[in-house]
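Examining the three-dimensional arrangement
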Amino acid sequence: MDKVRDACNSAKQNPGEENSFRQLRLNQWVKQAVRWMPMIAWDKCAINVDEEELEGRVCYGGLDLSSTTDITAFVLVFPPLDDEDTFKVLPYFWLPEDNVSLRVNRDHVPYDLWVRQDLVETTEGNVVHYAEIERFITKLGEKYNIREIAYDRWGATMLVQQLEGEGFTVVPFGQGFKDMSPPTKELMKLVLEQRIAHGGHEVLRWMMDNIFIRTDPAGNIKPDKEKSTEKIDGAVAMIMALDRAIRCGNDTGASVYDRRGIFVL
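Throughout what follows, the structure given in this document is the object of discussion.

Some remarks on the environment of Val89
Structurally, the position occupied by Val89 is in strand 4 (residues 87-96). Judged by relative accessible area, Val89 falls into the buried class, the value being 1%. Distance in space between the C-alpha atoms of Val89 and Val75 is 7.0 Å, their sequence separation being 14 residues. Non-local contacts of Val89, meaning those with residues more than four positions away in its chain, are made with Val49, Val75, Leu76, Val77, Ile196, Ala197, His198, Leu204 and Met238.

Structure representation (structure tokens):
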């Protein structure tokens, strides 16, 4: 009973564990997808992130490339320097300039306000120009020590090749349970322990509130883009970057991908 009680208390704090608890402990039928992040806990991590203080620090990027007419997200995660430090998050977003008004009217999402507040960048025309994003990331690479950039291998475009040509180490990242579950669970743990600082970025908050998760029979989880209420690109990019930050930490040595390249199966 102690284990059941502990699992129950954990499920109360973490909505992502609720389905597994109901199914495996209470033998109840549940829906496969469930809303995930408790936003009260997320908002407690809205600690200011000073970009200037992070200059020169080791960090890891997550790149979620949607269609050229949709929102594109790039998120940097800085691993903690010591046990007293937190993971720091810097998110960046892009939309085609000509699509902003359309999306505001269609989706009832304040993209126009976010653009005016410099929370979302725009590229000229009705498609996202990846060349502008490449230049932006290259400038970030001059300011921060971006060790790796993880990206969805199925969303790979010429941008990824161009970033590699600029000297960045790009790492393909699977979107299945095997790759997404560990960092997704770790993100929830860091949020509940208030060991991550995201600065209260409004667009990222909106995306975190949109997330639904899918659970497999073994209890693994991953963000579900089909079931999520709206865009979650920034959240997915952050999870990928967090995985690399956890695995590699503040290591400033050569990446294994620099030595042997990327194996494609």
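Comments concerning the packing of aromatic side chains
Under the criterion given, the structure shown has six aromatic pairs. Seen from their ring centres, Tyr111 and Trp114 are 5.7 Å apart, and the 90° between their planes marks the pair as edge-to-face. Separated by three residues within a single helix, Tyr111 and Trp114 lie in helix 5 (residues 111-116), roughly one turn from each other. One exposure class covers both Tyr111 and Trp114, and it is buried. Put simply, the rings of Tyr92, Trp94 and Phe136 pair up and form one aromatic cluster.

Focus on helix 8 (residues 177-192)
Between its terminal C-alpha atoms helix 8 stretches 22 Å, which fits the 22 Å expected from 16 residues at 1.5 Å a residue. One or two steps after helix 8, the chain reaches Gln194, where phi turns positive at roughly 55°.

Some remarks on the nonpolar core
Ranked by internal contacts, the top residues of the largest apolar core, which has 49 residues, are Trp36, Val77, Tyr111, Leu187, Met208 and Met238. The greatest single-element share of this core, amounting to nine residues, is contributed by helix 10 (residues 233-248). The residues touching Tyr111, leaving out its near neighbours within four places in the chain, are Ile71, Leu95, Val100, Arg103, Val104, Trp206, Glu230 and Lys231. The next biggest cluster of nonpolar side chains, apart from the first, holds 26 residues, and it includes Leu54, Cys59, Leu159 and Phe168.

Conventions we followed
- Residues numbered from 1 in each chain as written.
- Predicted model: local features only at pLDDT ≥ 70, side-chain atom pairs only at ≥ 80, totals over all residues.
- Heavy atoms only, no water.
- Helix = DSSP H or I, 4+ residues; strand = E, 2+ residues; numbered from the N terminus.
- Buried < 20%, exposed > 50% of the residue type's maximum accessible area, 1.4 Å probe, protein only.
- Contact = heavy atoms within 4.5 Å.
- Phe/Tyr/Trp six-rings, centres within 6.5 Å; stacked < 30°, edge-to-face > 60°.
- Expected span 1.5 Å × (residues − 1).
- Core = buried A, V, L, I, M, F, W, Y, C linked by side-chain atoms within 4.5 Å.

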